[in-house]
Every structure is written in structure tokens, then in C-alpha cells.
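Observations on the model geometry
Next come the chains, spelled out residue by residue.
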Number of protein chains: 2
Amino acid sequence: MRVDQETDAIERLAYAGGRLTRARRLIARTAAQLHGAFTIDTLAERVRVTDAASGANATVYRAVAAMERAGFLTRVGERGGHALFARCSTRGHHHHIVCETCGRVAHADCPLTQAIEASNAQGFRITRHEVTMYGLCPECAARTGS
Amino acid sequence: MRVDQETDAIERLAYAGGRLTRARRLIARTAAQLHGAFTIDTLAERVRVTDAASGANATVYRAVAAMERAGFLTRVGERGGHALFARCSTRGHHHHIVCETCGRVAHADCPLTQAIEASNAQGFRITRHEVTMYGLCPECAARTGS
DNA sequence: ATCCAAGTGAGAATGATTCTCACGTAAGCC
DNA sequence: GGCTTACGTGAGAATCATTCTCACTTGGAT
Ligand SMILES: [Zn+2]
Ligand SMILES: [Zn+2]
Ligand SMILES: [Zn+2]
Ligand SMILES: [Zn+2]
């Protein structure tokens, strides 16, 4: 089973120059197929469906960390104590909206420019901030009714 | 050693009608004395300094949860994997700025009104959001130099 | 083909938080 | 003041996501 060019490109992109092992290839391919946000557990399970020998938890954790470093995945929140990740290679500072029903992820501009300026005016120097919005995506909102 | 009226009022406030045990009184008094954000560990240690028999970790965890329910404490972020709490009885929706050096906590108005409206306009229904800013309070910023 | 640093897997370790359960004691009632 | 009982306590075990250890494998440069 040869790997087509697009898949190969995605796998190389995911690890930004790191080694492409059998496990890493499969993990990147699986992550790219998942829609929206996913937990490490979910990803690991899906990987094991394809190859039971390549989905060790520790390996998936390490692969996700590598893909995060490479800018291929981003942590977009948490659900039930599990970290949520999603494919996000968007450049520039922004935040995420995570649908609590289906996990769909949308981007949001940073709403803090004014808040940070206001804080700076009070003498604070903001060095880091976190903004995460959870809710329902348009489809899930429609399904749930007004 | 009789408890003065103010201290007694604080302790009663902290648990909003729950039982006032020896441990709970001491934990509330200690939490009220701490400035800014603190971790459960720190609070438990300080409690044990005053009364080694009243600072069991589980008890402090439960007392903090009760004080959070009562609206006396609020979770204001996290530091090094430990949840950060601070005294905050301010009514109304708002967020917090936590000094990463000294733990001082400031309030911040919610900057998301427009962001939420923008999301709603796209069909999303935002149900929950988290905003936390970390940085340096005026004093720590001055001490660190420009 | 060789080499070796990077990656893997199984399981142990970590570490914050929560649970269990026998015991203690606030608070309401008489 | 005593009685009752549900709520709180403490010690330690349990949970559970994540990270680490270590012997083994392998990608990929030469
Ligand atoms: Zn959805
Ligand atoms: Zn931002
Ligand atoms: Zn400070
Ligand atoms: Zn807000």
C-alpha cells in the first residue's frame, strides 16, 4: 500500500522535519481525518483500529506533542478532564470556539486587545492569556432547537 | 480563645449555612488572611502551622469546594498544575488577572461581549467561556524593570 | 551496508484530586 | 443540659491523565 503524495506531504508537515516512523505516519494520517477537536484517547483508539501495534498511549502522547511543536495541531480546550486538540495551522494569534456536542472547532479573533490595554494602563503587564469559548456550532444549535 | 465578631462573620459567610467545625473555621480564617491567589497545598500547609491536626489534604479540598459553592472563593487560574483560588465575592460576571510573581489578583471586565455577538451572528451559540490573564502586577512589574 | 540518535512500547511512576469508611461532633430538639 | 443524627474529618487508598524508564527498533544520513 503506497502512500499517495498528498498524504505523504501531510505526514511530513505534521512533524516538521522529525523522523517519519510507521507509528507517526499513521497517527498524523488519523489526526488529519478526525473532524474538529479530539482527545488523545480517541485518537489512540482510532489508530489502534488500523494497526493495533502502533497506538501505544505514550507514543500517541509524544506524537501529538511533536505535532503541536510543529504547529500542525493546537490544544483547543478540554472536555471531561481530557485535553482537546485540533488541526490548526493558522498563523497569527487567535482563539478557538469548541462545539460541546460535535467538537467542531471555529476560530475567533482575540477579543483582548482593549482589555490588555486597560490592564496596562493600570500598571499591569499582561504576559499570557487564555480564552476559550464553548457552545454549540450552527448545526448542533439547530438540531437542539432554539 | 474566643473568636471575635468579625472573624466569626467571615467564617459563617465562607460556608453559607454549612456547619462550622474547628477545621472549617481555621481554614476559612487562614484563606482570608492569604493575599491574592493560593493553591490548596499552600493553604493546607498554613493551616497545619496553626493546628497540625486540622489540615488534612482531603479536608482542605472539601472546605475549599464548600467555600467556592458559597461564593466566598473563586478559582482564578492555575500555576504549575495546581489550581489557584482567591477570595472573591464580587457579584456579576467578570474575570481575573493573576500576577505570576506574587499572586496578586485583579478583576477584569468581560471582554467577550462583542466576540460572543460575532459568534452568534455566525450561528454559534456560546454557552461557556474562560478568560484568564496572567502577568505582572504593578509592583512586580516595577521591581522587574521595564 | 553501517551506524546511531530518535522513536517505540510496556509498564511503572507521578501527582493532583477524589473517594472510602470508621469515627467525631455541630446543630436542632426535648 | 442531654439525645439524635446527619454532616464533617482524617488517614490512606483509589483514580486517572499524563510523563517517565529502559531495553529494543529503525529512519535516514553517510
Ligand atoms: Zn456541533
Ligand atoms: Zn488573545
Ligand atoms: Zn505581583
Ligand atoms: Zn466573560
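Residues numbered from 1 in each chain as written. Chains lettered and ligands numbered in written order. Predicted model: local features only at pLDDT ≥ 70, side-chain atom pairs only at ≥ 80, totals over all residues. Heavy atoms only, no water.

For chain A, the helix and strand inventory stands at six helices and six strands. Across chain A, helices and strands are ordered from the amino to the carboxyl terminus as α-α-β-α-α-β-β-β-β-α-β-α. Based on the C-alpha atoms only, the size of chain A along its principal axes is roughly 60 × 40 × 30 Å. Counting all 146 residues of chain A, 42% fall into the buried class. Put simply, 46% of the contacts in chain A that link residues at least 6 apart link residues at least 24 apart. Surface exposure of chain A reaches about 8200 Å², of which carbon and sulfur atoms provide 48%. Across chain A, the mean location of the 19 positive side-chain charges is 7 Å away from that of the 14 negative side-chain charges. (Helix = DSSP H or I, 4+ residues; strand = E, 2+ residues; numbered from the N terminus. Buried < 20%, exposed > 50% of the residue type's maximum accessible area, 1.4 Å probe, protein only. Contact = heavy atoms within 4.5 Å. Areas by Shrake-Rupley, 256 points an atom, 1.4 Å probe, with all protein chains shown as cover. Lys, Arg positive; Asp, Glu negative; His and termini not counted. Charge placed at Lys NZ, Arg CZ, Asp CG, Glu CD.)

Domain boundaries in chain A define domain 1 (3-75) and domain 2 (95-144). The C-alpha-based centres of domain 1 of chain A and domain 2 of chain A are spaced at 26 Å. (Domains from an automatic or database assignment.)

Right, let's talk about the side chain of Ser-54 of chain A for a bit. Residue and element names in this part refer to chain A. For Ser-54, the position within the fold is in the loop between helix 3 (40-50) and helix 4 (57-69). Judged by relative accessible area, Ser-54 falls into the buried class, the value being 6%. Within the structure, Ser-54 has its side chain in polar contact with the side chain of Asp-51 (distance 2.7 Å). When near neighbours in sequence (up to four residues on either side) are disregarded, Ser-54 contacts Arg-22, Ala-23, Leu-26, Ile-27 and Val-47. (Polar contact = N/O pair within 3.5 Å; in protein donor to acceptor, adjacent residues only side chain to side chain.)

Moving on, we come to the packing of helix 3 of chain A against helix 4 of chain A. Residue and element names in this part refer to chain A. One can describe the packing of helix 3 onto helix 4 by two numbers: an axis separation of 10 Å at closest approach and a directional angle of 115°. For the pair helix 3 and helix 4, the sense of crossing is right-handed. On helix 4, the residues touching Ile-40, Leu-43, Ala-44 and Arg-48 of helix 3 are Asn-57, Val-60, Tyr-61 and Val-64. (Axes fitted to C-alpha atoms, helices over the stretch in contact; angles between N-to-C directions. Left-handed = near helix turned anticlockwise from the far one by under 90°.)

Attention shifts here to the protein's contact with DNA strand C. Near DNA strand C lie 18 residues; those nearest to it are Thr-21, Ala-53, Thr-59 and Arg-62 of chain A together with Tyr-61 of chain B. Sugar and phosphate atoms constitute 66% of the interface atoms of DNA strand C, taking the interface as everything within 4 Å of the protein. Ala-53 of chain A is positioned with one of its backbone polar atoms (N or O) 2.4 Å from a phosphate oxygen of DNA strand C. The backbone of Ala-83 of chain B places a nitrogen or oxygen atom 3.4 Å from a phosphate oxygen of DNA strand C. Of all the elements in the fold, those that place two or more residues in the surface near DNA strand C are helix 2 (22-33) and helix 4 of chain A together with helix 4 (57-69) and strand 3 (82-87) of chain B. When the residues that make up the surface near DNA strand C are grouped by side-chain class, the tally is eight nonpolar, five polar and five charged. (Near = heavy atom within 4 Å. Nonpolar A, V, L, I, M, F, W, Y, C, P; charged D, E, K, R; others polar.)

Once that is clear, we can look at the coordination of the zinc ion (ligand 1). All names here are of chain A. Donor atoms from the polypeptide that coordinate the zinc ion (ligand 1) comprise Cys-99 (SG), Cys-102 (SG), Cys-137 (SG) and Cys-140 (SG), at 2.2 to 2.4 Å from the metal. Each of the four donor atoms around the zinc ion (ligand 1) contributes to a set of angles spanning 106 to 114°, which defines the coordination as tetrahedral. Donor residues for the zinc ion (ligand 1) sit on one chain with the sequence pattern C-x2-C-x34-C-x2-C. Here Cys-137 lies in the loop between strand 6 (125-136) and helix 6 (138-144) and Cys-99 lies in strand 4 (residues 95-99), a separation of 38 residues in the sequence. (Donors = N, O, S within 2.8 Å, 3.2 Å for Na, K, Ca; no water. Tetrahedral: all angles 85-135°; square planar, octahedral: opposite > 155°, others 65-115°.)

Judged by nonpolar contacts, the single largest core of 29 residues is most densely connected at Ile-97 and Met-133 of chain A together with Ile-97, Leu-112 and Met-133 of chain B. Ranked by size, the runner-up nonpolar core spans 22 residues in total, among them Ile-10, Leu-26, Val-64 and Phe-72 of chain A. (Core = buried A, V, L, I, M, F, W, Y, C linked by side-chain atoms within 4.5 Å.)

All right, on to the coordination of the zinc ion (ligand 3) then. Residue and element names in this part refer to chain B. Protein-derived coordination of the zinc ion (ligand 3) comes from Cys-99 (SG), Cys-102 (SG), Cys-137 (SG) and Cys-140 (SG), at a distance range of 2.2 to 2.4 Å. With four donor atoms in place around the zinc ion (ligand 3) and angles of 107 to 114° between them, the coordination shape is tetrahedral. Counting along the primary sequence, the residues that act as donors to the zinc ion (ligand 3) give the motif C-x2-C-x34-C-x2-C. The same class applies to Cys-137 and to Cys-140, which are both buried.

Superposition of chain A onto chain B requires a rotation of 180° combined with a translation of 0.0 Å along the rotation axis, giving an RMSD of 0.0 Å. Read as a symmetry element, the transformation amounts to a two-fold axis. Taking C-alpha positions as reference, the residue of chain A nearest the rotation axis is Val-131 of chain A, located at 2.3 Å. Taken together, the interface assignments show that 100% of the residues at the interface of chain A recur at the interface of chain B, consistent with an identical surface on both copies. (Least-squares fit on C-alpha atoms with pLDDT ≥ 70 in both.)

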